[in-house]
Each structure stands twice: as structure tokens, then as C-alpha cells.
Amino acid sequence: MTRTQPSHAPSTPNGSRLPPGRLTLERVAAALVEDGLVVAEDVERVQLPGHARHASEVHPLVLLAGMKLQSGEAAGAELTLERLTQWLAEVSGHRYLRIDPTRVDVASATAVVSHAYARRHRILPLAVTAERVLVATSEPNATAWLEDVCHLTRREVELAVVNPLDLHRYTMEFFGVSRSVRGADDGQQANKGMPSFEQLVELGRVGEVGADDQHIVHIVDWLLQYAHEQRASDIHMEPRRSVGRVRFRIDGVMHKVFEMPPPVMTAAISRIKVLGRMDLGERRRPQDGRIKTRSPGGREVEMRLSTMPTAFGEKCVMRLFDPDTALKGIDQLGFSATEAAGWNALVQRPHGIVLVTGPTGSGKTTTLYATLKQLATDDVNVCSVEDPIEMIAPELNQMQVQPAIDLDFASGVRTLLRQDPDIIMIGEIRDLETAQMAVQAALTGHLVLSTLHTNDAPSAVTRLLDLGVPHYLIASTLNGVLAQRLVRTLCPHCKHPEALDAGAWSPLLGSGATIPADATPHAADGCLECRKTGYLGRVGLYELLTLTPGLRAMVRPDMDLDTFTAAAVDEGLRPLRTAGAEKVAQGLTTIAEVVSVLPPTE
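Residues numbered from 1 in each chain as written. Predicted model: local features only at pLDDT ≥ 70, side-chain atom pairs only at ≥ 80, totals over all residues. Heavy atoms only, no water.

Undergrad: Describe the overall build of the chain, with residues and values.
TA: Of regular secondary structure, the chain possesses 24 helices and 19 strands. In the chain, which comprises 602 residues, the proportion classed as buried is 50%. For the chain, the proportion of contacts with a sequence separation of at least 24, taken over those separated by at least 6, is 67%. Surface accessibility of the chain: about 27400 Å² in total, with carbon and sulfur atoms responsible for 51%. (Helix = DSSP H or I, 4+ residues; strand = E, 2+ residues; numbered from the N terminus. Buried < 20%, exposed > 50% of the residue type's maximum accessible area, 1.4 Å probe, protein only. Contact = heavy atoms within 4.5 Å. Areas by Shrake-Rupley, 256 points an atom, 1.4 Å probe, with all protein chains shown as cover.)

Here it is in C-alpha cells:
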């Protein structure tokens, strides 16, 4: 292969202001004044001897951003580091980029140049393809390294200007974790063949990297911190034949973020099992554990661990629970004012059953914990039986199901009834015995909160009938049902108004769709903040069914669900589709996103 030249050689269209070579504080300040981004009076502050002394040690843009200069573009606005980086990209004629670490193949990127070389030239390879190498830099006019990289990679080089602080941070992190992976993998290449499943179980016990190896400790610490910063709800560590992969679930969508050799993956999972106080020697059966750690900001974060044996070794999934989520009020979870009032009225009743329904990952646990934290005052006793305990809450008395000693939901509720409770939370009603105990608790004057897996709120009644609960007990104890889903919200940084005709609304509102008069639907093109997805964060859709006397009278063994649902709508039930249409009309999400989470229509 012959060496190719860079796709565009670094140029300096503003050469008189930013000449070739390293940026200097004085040159950058003068160019900013010339472009009108700062006023001339601030140049005197910039050129003080104290700043000049540090200019060679700290990037000029970082110094300028730290001075909190007033922007000449907007009155009262500060000149941020990100805006200065964008300006530098413009004047140097290169692409501006925000580094998204979830889209960087760390192993291939860090193989392009050495750590010392990257730090010396303030560059960081981000992507390597058959034709080109994308290299991030904070010194677009200092390109002495360019010919070397072209020669080494035999590929075109594309430059992108990035935030100097991000460049420094990810250079340290990427090269650091790559060095740890290589160090942990040294000498672990003996087992190259494809063993059978039985051999995998036995081979996993010998010849592996230690869980307390310093490289493994660094890799696991980095993964946990990385997941928290990226707002991941789950970390999946998946062993494979030739390379193990790590994926994060962010806003309900999986993203592959890292790969590591199988021995390193095995050792990393062992390290996690040690932290979670799980049986390190047992790899043939699933295990559960828990880790409580602190985020870089000092907040406590709980992680629920689950391992399972696969054909290539143990797979580990860690679910992250941010305590701040449970501290949110009902209105912060996406409830409208009417829904919040209705839900609060249900859970303030002294006794009865209140159910939350929806598929896995629909936010049921978050809703229950937020509600229980609101109800758990000093004058009430709140107890729960869960499988497993999702988040430790000091306001609650929590008990975990232990099938090995015959402590299931039903026996757990039986125990809680002898603990003088006011409010009981049952993790899930799965069988008739648990349902009967929930009914018994409600009949004896307790408020019972629990979950079911049903498509919508009215279906919860038929599910209880299917389990075998007598219809008259359901009618007398069930206060209400909340069905919910989570939808991704549009990125506030790149969303914009978008007109929708009646046909576009029909998937939510039916063929005779009437567009809400105050609807302001939005769309998003995707930007650096949302990883080009157009979505950032999630919000809940809710369907609240309150059992009125008329609906209670309809609960019979042979009840028709469609008739019951129609009557509930007449009594004020707002279906999930209506809640979704309201969120679309408010410009929070899109019709396609809402339709993707709704139960199928007949």
C-alpha cells in the first residue's frame, strides 16, 4: 500500500492572527478581539505578566475561559471554553467535534500512536477506518506530527478541533485503560482453541488474571465511573469466543462501548463479584449481588448485579440506580397535574390495593420508590418485600425474597402483617397465593402497593381474575391501577418546531384525528449533546384507572375487557395513547417514539 496524503492539509486562513505552530495567549486574544468575540478592554487583562508565565503550561483557551470574559456576541454572556473551541475550529478551517466516548474504539485508536507522543503533540486518534484516521487536536496549527501519522498508518488523516480539557481527559483515560488491558492480558494467551461448554467451566478456575490485579482494578473502576457519566442504566459485560464486549444501556438503547480479551473480561467480572460479595468460585449457576459506591461528584450510587453462565463464560449485568431519581416528586416523573392529583389521592387512602403495571424497564420501580418516600413519614410504618431489593431506602423496612429458605412473596407478606405495618409494598404479584395475601392485607386495613405485568390498566383486573382471586374481593379491595411506559425525550439542544398534519397524528388519535389546538410538536436533527440520536433523557406516560362504584359493579368472573375499558374511559380514564399525544403536543417527544412503546392494537 502506498502512503496517502491527508484529506486536507492543515491550513491557516487567518495566518496573520494564528500562524503555524503552538497557540500563544497573546495571539489568540488579539484574534478574538479582531473577530469581535471579546472587547478590546479585556485584552489588557489577558496580557498581564502572570497569565503570560502560565501560557506555555496551560492551553490558551483554558486560560481565557477561566477568566470568564464577556462575550462580544451576546450581552451578559460569558465566553465559554466550548464556544472558544468552536471559534478555533472556524478560524483554522477544521471540523469542530465533541468527543463521544461511547463511539470510540479505544483499542484501535490508542494503537495509532503512543501515549507520550499523543500528549506531546496534544492529539488523540478517535477512529480508524480502511481509508482514514480521525485525529482530535487542540493545536490545529501545530502539525509537525502529521507526516509521521500518515507514514505510520498509510491512511488519510482528518483533523477535528476539540475542547482542550476533553482532549487531556480522554487521552489519559483511553491510554490508561488500554495499558491496563494489555498488562492484564500479558501471558494469558495459552487457551486459544474453542473449548466445549464443560471445559469452559473448568478452565475458568485456573490460569487466569487475578481479580485483585492492579490493572483489573483500574479497568473496573473506569467502567463504573464511565457508565455513571454517560447516564447508563445498565452495564452488560458479555464474554465471547475471541473478544469480550461491554455495552451500556442509555435511555433504553444499547451502545457498545468497549472490547477486551476473554481472560481480562473473566477477571473483570471476578472483580465485580468480589465487590458484590458473591461466590467467586461458583460459575455454573446464576448469582445476584449488590454494590454501593460513590460517583465522582460524591453521590452514592447503588448497583444491582446479576451473573449467568453462558457458552463462553459468565455474563454480568449491573443495573445502576441513581438515588436522586427516587427523590424526585411525582410531577418530576412526567405526571400531568391531573394525573399527579389522582395518583396522590389513591395512595393517600388508608387501605386498599394500588397497582402499577407495565413491561420490564417501564419505570414501575422508580414510581413506587418515589411514592413510598413521599408516604414514609415518621408517623407511619412502611414495609416492603422485594425480589431483589432495588434500592436501599432508610425510610423503609425492606425484606428480600429468599427462595432457598422458602421465603417467597406470600410468606413475606404474612410476616409483614405481624410487623404492625401501615403501608406494605409487594415487589410483584406473580401467583394466587401472593395475590390472596395482598387482598388479606387490604381487608385488614393496610394500604398495599404492588406491580403487575399487563399491557394497560384495565387488564390488571382480568389478570387478577385469571390468577384466581374472587371477583368480589377484587371489587372491594382494588382502589386503582397505574399503567406506564417510558419514552425518550427530544434533545433540548437540537429540537425545533415541526408541523404535523392530521394523518401524522392518526397512529395516536385514530383515523378521525383532531390535532390539539395548542399543539407545538417538535423534531430533532441530532447533535453532539445527544450523540446524533435526537433524544436526551426519558419521561413517563401514564394511564390512571380509579375504580369508581360503577366500575366495581362491572368486576365479574365473566367480565368483558373491552366493555370494561370503554366504561373506564367514560369515567375519566385517559389511555396511554392520549397521554402520548399530549407529550407530543408539548414538544417533548415524537409520535414514532410513543408508538414504539405502546401496547399493540387489535
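Now that the structure is up, let's keep going.
Undergrad: Could you give an account of the environment of glutamate 82, naming the residues involved and the relevant values?
TA: When you line up the elements, glutamate 82 lands in helix 5 (residues 81-92). Between the alpha carbons of glutamate 82 and valine 62 there is a distance of 9.8 Å; along the sequence they are 20 residues apart.

Undergrad: Any details on the pattern of salt bridges? Residues and values, ideally.
TA: Summed over the entire model, instances satisfying the criterion amount to 26 salt bridges. With a shortest N-O distance of 3.2 Å, arginine 290 and glutamate 302 are connected by a salt bridge. With arginine 290 in strand 8 (residues 287-294) and glutamate 302 in strand 9 (residues 300-310), the pair connects residues that are twelve residues apart, well separated along the chain. In this pair, the class of arginine 290 matches that of glutamate 302, namely buried. The salt bridge partner of glutamate 582 is arginine 574, with a shortest N-O separation of 2.9 Å. (Salt bridge = Lys/Arg side-chain N within 4 Å of Asp/Glu carboxyl O.)

Undergrad: Can you explain the sheet that holds strand 5 (residues 232-238)? Please cite residues and give values.
TA: Strand order in the open sheet formed by six strands is 7-6-5-10-9-8, and the pairing between neighbours is antiparallel. Each end of this open sheet is capped by a strand with a single partner; those strands are strand 7 (253-260) and strand 8. For this sheet, the mean inter-axis angle between neighbouring strands, taken without regard to orientation, is 20 degrees. Across six bridges, strand 5 lies against strand 6 (residues 244-250) in antiparallel orientation. Each bridged residue has a counterpart across the sheet, and for glutamate 238 the counterpart in strand 6 is arginine 245. Lying over the sheet, helix 11 (residues 214-229) contacts strand 5, strand 6, strand 7, strand 9 and strand 10 (313-321), oriented at roughly 145 degrees with respect to strand 5. (Pairing = 2+ DSSP bridges. Axes fitted to C-alpha atoms, helices over the stretch in contact; angles between N-to-C directions.)

Undergrad: An account of the packing of helix 20 (residues 502-509) against helix 23 (residues 576-585) is needed here, citing residue identities and associated values.
TA: Packing of helix 20 against helix 23 leaves a shortest axis separation of 9 Å and a crossing angle of 145 degrees. In this structure, helix 20 contributes Trp505, Pro507, Leu508 and Leu509 to the contact, and helix 23 contributes Arg577, Gly580, Ala581, Val584 and Ala585. In the contact of helix 20 with helix 23, the residues fall into seven nonpolar, one polar and one charged. (Nonpolar A, V, L, I, M, F, W, Y, C, P; charged D, E, K, R; others polar.)

Undergrad: Hey, could you go over the sheet that holds strand 12 (residues 382-386) for me, with residue numbers and the actual values?
TA: The strand order 13-12-14-15-11-16-19 describes an open sheet built from seven strands, whose pairing is mixed. Only two strands of the sheet have a single neighbouring strand rather than two, namely strand 13 (397-400) and strand 19 (535-546). Averaged over all pairs of adjacent strands, the angle between strand axes in this sheet comes to 20 degrees, irrespective of strand direction. With five bridges joining them, strand 11 (residues 352-357) and strand 16 (residues 478-490) adopt parallel strand pairing. Its bridge partner lying in strand 16, leucine 355 is registered against valine 481. Here helix 23 sits on the sheet in contact with strand 16 and strand 19, set at roughly 140 degrees to strand 19.

Undergrad: Before we move on, can you summarise the pairing of strand 12 with the specific residues and values?
TA: Summarising burial for strand 12: five of the five residues are buried, a large majority. Alternating residues of strand 12 divide into Val382, Ser384 and Glu386 and Cys383 and Val385, and every residue in both groups is buried. Examined bridge by bridge, strand 12 and strand 14 (residues 423-426) share four bridges and lie parallel to one another. Paired with cysteine 383 across the two strands is isoleucine 424, which belongs to strand 14. Here strand 12 pairs with strand 13 via four bridges, running parallel. Considered in strand 13, the bridge of serine 384 is made with glutamine 398.

Undergrad: Please set out unusual backbone geometry residue by residue, giving values where relevant.
TA: The omega torsion across aspartate 387 and proline 388 is -10 degrees, close enough to zero to call that bond cis. As for its position among the elements, proline 388 is in the loop between strand 12 and strand 13. Residue arginine 122 is not a glycine yet carries a positive backbone phi of 55 degrees. With respect to the element layout, arginine 122 can be found in the loop between helix 7 (115-121) and strand 2 (123-128). Its identity as a non-glycine residue notwithstanding, aspartate 251 has a phi of 55 degrees, on the positive side. Mapped onto the fold, aspartate 251 is located in the loop between strand 6 and strand 7.

Undergrad: Describe the packing of helix 11 against helix 12 (residues 262-275), listing the residues and the values that go with them.
TA: Working note: a packed helix pair is described by the angle between its axes plus the distance between those axes. Interhelical geometry of helix 11 versus helix 12 gives an angle of 75 degrees and a closest axis separation of 9 Å. The angle between helix 11 and helix 12 falls in the class roughly perpendicular. Taken together, the residues of helix 12 that come into contact with helix 11 (itself represented by Ile216, Val217, Ile219 and Val220) are Val264, Ala267, Ala268, Arg271, Ile272 and Leu275. A class-by-class count of the residues in the contact of helix 11 with helix 12 yields nine nonpolar, no polar and one charged. (Parallel < 35°, antiparallel > 145°, perpendicular 65-115°, else oblique.)

Undergrad: Can you break down a negative patch on the surface residue by residue, with the values?
TA: On the surface, a cluster of negative charge is made up of Asp378, Asp379, Asp420 and Asp422. Looking at where aspartate 420 falls in the secondary structure, it is placed in the loop between helix 16 (409-416) and strand 14. Here aspartate 420 falls in the exposed class, since its relative accessible area comes to 64%. (Patch = residues over 30% accessible without salt bridge, like charges linked within 9 Å, V, L, I, M, F, W, Y side chains within 5 Å. Lys, Arg positive; Asp, Glu negative; His and termini not counted. Charge placed at Lys NZ, Arg CZ, Asp CG, Glu CD.)

Undergrad: Can you break down the confidence of the model for the chain residue by residue, with the values?
TA: Averaged over all residues, the pLDDT of the chain is 83; the fraction at 70 or higher stands at 85%. Within the chain, the element-level pLDDT minimum falls on helix 10 (residues 197-203), averaging 37, and the maximum on strand 11, averaging 96. Contacts from residues 51-55, a stretch scored under 50 in pLDDT, to residues over four places away or in other chains number ten contacts. In this model, residues 189-208 is a region of pLDDT below 50 whose contacts with residues beyond four sequence positions or in other chains number 19 contacts. (pLDDT = per-residue confidence, 0-100.)

Undergrad: Help me get a handle on the packing of aromatic side chains, residues and values and all.
TA: Applying the stated rule across the entire model yields five aromatic pairs. Linked through ring pairs, Trp222, Tyr226, Phe248 and Phe258 together constitute an aromatic cluster. Cation over ring: arginine 488 sits above tyrosine 535, and NZ or CZ is 4.1 Å from the ring centre. (Phe/Tyr/Trp six-rings, centres within 6.5 Å; stacked < 30°, edge-to-face > 60°. Lys NZ or Arg CZ within 6 Å of the ring centre and 35° of its normal.)

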